[in-house]
Amino acid sequence: MTQLLLFNVFNGLIIGAFYALMALGLSLILNLSGVINFAHGGFLAIGGYVAYTLVPYVGFWGALIASPFIVAFIGILVERVLIRRLYGRDPLYSLLLTFGLAFMIEDGTRFIWGAQSLPYQIPSWLAAPLSTEYFFLTGYRVFMMILVAAAVAGLFLILNHTRLGLRIRAGTLDLETVSVLGVNVRVLRNLNFGLGIYLAGLAGVLAIGMLGLQPTVGDNLIMPSFIAIIVGGLGSLPGTLIGGLMIGVASGVTSVYFPSASEAVMYVMMAVVLIVRPRGLFGEEGRF
Amino acid sequence: MPKFDKRAGDILVWALLLAGPYWLPAVGSYVELGSHVVVYALAAMALNFLLGYTGVLSFGHAAYFGLGAYGTAMTIKYLYPSTPLGILVGVVVGTVAAAIIGPLIVRLRGVYFAMCTIAFGQVFYFIAFQWRSATGGDDGVSAWTRVPLDLGFTKIDILNNPQAFYYFVVAVFAVCAAAMAFLLRSPFGRTLLAIRENERRARFLGIPVDRHIWMSWVISCFFVSVAGTLFALMNNFIDPRALRWDQSGDFVIMAVLGGMRSFWGPLIGSAIFLVLQDYISSHTENWMSFIGLFFVLIVLFFPRGVLGIIRRKATS
């Protein structure tokens, strides 16, 4: 029983790391631009499909590195052409726009790559289980965990120690002042959007090794990401990270005892947080 | 002059609705599509009560729509075969769920409110999806039909006569529309408008804003669950897709497309959206792309909606 529990806690951490990776990207965009990016799951799927297409040419490692950048580039284009026009307008419109975008991406990937689930080859030394004696754990899962941790660490390094990161953090607090101080806010929002989408693309490349590849692969990850943001608190990136890990572990542990409630437990957590602390665990007061 | 226009508009809408079965086939359509439009129009108008008249963005109305539908379907299938009872149970289920969720979210505003309504909406989707023994899971609740209305002195066969069902839907729609119009004209409705226009000022005037938003939310969900019950009766079937978030998005786009600031806007939006969807999905497999593109185009070029543009033209 302890082993089973331990196994599920670890599994929950992996799933939670994915939620957190998605949610961090969403949160970056939401904090600076006030846009809920419904198409985030779609960008995740694009990340997976681009990697799938690249593997025969550049190999597993090449695809792992290149695909998120390609997706980020697509994200930057989308922001320039579409989303930029909606800043400062009612959030209703950006929601509807990204909603339509999500439809188009899902249908587009289905049109290009087909509706059937595609297999994704990971190197065999990573796919092999580390130990069959204690509990089942492939090297790939450990590898994913390390990579997600590295990505998150990289994100916080960028935010805390580069000029871009400083401006993003400042813009989250008061965009107008940042603009008055001579920062080009249009470019800042554009790069920030790209950074958020990069994380979605990275999550996509990693997720398909575990979840397989179909056009709706992002659908199951986007709602938990919303919950991670709400639980962690709007406006706080560390909160989002912790929120993601928390709901992942909670749903992992619940699946040991009540498998059918593993989804529901996330929503219960969200309800409890909203009752006790409507701004979320690490949210700033008065932001919304 | 504008007053006259408004009354003429009302008369035109009712005349078109009542004469539906006579002119729909003449323009190459069919009565069932008419019922479809009216049901969705009711849902979109209910959403607009909150969105257009209270200024609160909900992206999770499909949940209460679906709860109404499931309540009706399961009552008729398992409990007692009666259409009015099914509607009653469906509406109670949807409204009570909304009343319970309400206090959790009314303190939030803007995108945060929208995000929480989406997330809470998905709870019911997962329940419907995973509770196989009761809801049939992915397959939905089938193998039941709506029951002809028994008025005591006469029977109305809404089951086999599509025209009778159309008028039944229009009658329910009329009662709901009248109730919403009445509420919006009452001091309560005016208070909601005040909150929409300037929440801070409304608060300073001593209006309990959160309670008003909660009431508006529950009223809106009440009417959307009425639409849900009609939806289940219309299809004699219900599956979890009726409570998914893309359904909520459809309601919002209908309200926006028709014009959020107008009472009849969502009706026009629903008609345009459904006719277009009907047309596109019968011509291409990639209808999802076109619907998505449609969303994008409306947001970029048409954010005021049909009635918003007409009204702007009239005043300028």
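From a predicted model like this one, the values you see are computed outputs, not experimental measurements.

**Quick notes on the overall build of chain A**
Of regular secondary structure, chain A possesses 11 helices and 2 strands. Traced from its N-terminal end to its C-terminal end, chain A shows the element sequence α-α-α-α-β-β-α-α-α-α-α-α-α. For 288 residues, the compact-globule estimate of 2.2 N^0.38 gives 19 Å, and the C-alpha radius of gyration of chain A, at 19 Å, lies within 12% of that figure. The principal-axis extent of the C-alpha atoms belonging to chain A is close to 60 × 50 × 35 Å. Considering only contacts within chain A whose residues lie at least 6 apart along the sequence, 73% involve residues at least 24 apart.

**Topic: the interface of chain B and chain A**
Each partner contributes residues to the interface: chain B has 35 residues there, and chain A has 35 residues. Mapped by element, the contributors of at least two residues to the side of chain B that touches chain A are α5 (83-105), α6 (110-130), α12 (245-258) and α14 (287-301) of chain B. The element best represented in the side of chain B that touches chain A is α6 of chain B, accounting for 12 residues. Taken together, the residues of the side of chain B that touches chain A break down into 26 nonpolar, 7 polar and 2 charged.

**Brief notes about the confidence of the model for chain B**
Residue and element names in this part refer to chain B. When pLDDT is averaged along chain B, the result is 87; 98% of the residues meet or exceed 70. Mean pLDDT across the elements of chain B bottoms out in strand β1 (residues 149-150) (75) and peaks in helix α11 (residues 209-235) (93). Complex prediction metrics read pTM 0.89 and ipTM 0.85.

**Let's talk about the packing of helix α9 (residues 187-197) of chain B against α11 of chain B**
Residue and element names in this part refer to chain B. Their axes nearest at 10 Å, the elements α9 and α11 cross at an angle of 115°. In terms of orientation, α9 and α11 fall into the roughly perpendicular class. In this structure, α9 crosses over α11, and the sense of that crossing is left-handed. Residues Thr-191, Leu-192 and Ile-195 of α9 lie in contact with α11, whose contacting residues are Val-209, His-212, Ile-213 and Ser-216. Class assignment of the residues belonging to the contact of α9 with α11 gives a composition of 4 nonpolar, 3 polar and no charged.

Cut-off values and rules
Residues numbered from 1 in each chain as written. Chains lettered and ligands numbered in written order. Predicted model: local features only at pLDDT ≥ 70, side-chain atom pairs only at ≥ 80, totals over all residues. Helix = DSSP H or I, 4+ residues; strand = E, 2+ residues; numbered from the N terminus. Rg over C-alpha atoms; globule rule 2.2 N^0.38 Å. Contact = placed C-beta atoms within 7 Å. Nonpolar A, V, L, I, M, F, W, Y, C, P; charged D, E, K, R; others polar. pLDDT = per-residue confidence, 0-100. Axes fitted to C-alpha atoms, helices over the stretch in contact; angles between N-to-C directions. Parallel < 35°, antiparallel > 145°, perpendicular 65-115°, else oblique. Left-handed = near helix turned anticlockwise from the far one by under 90°.

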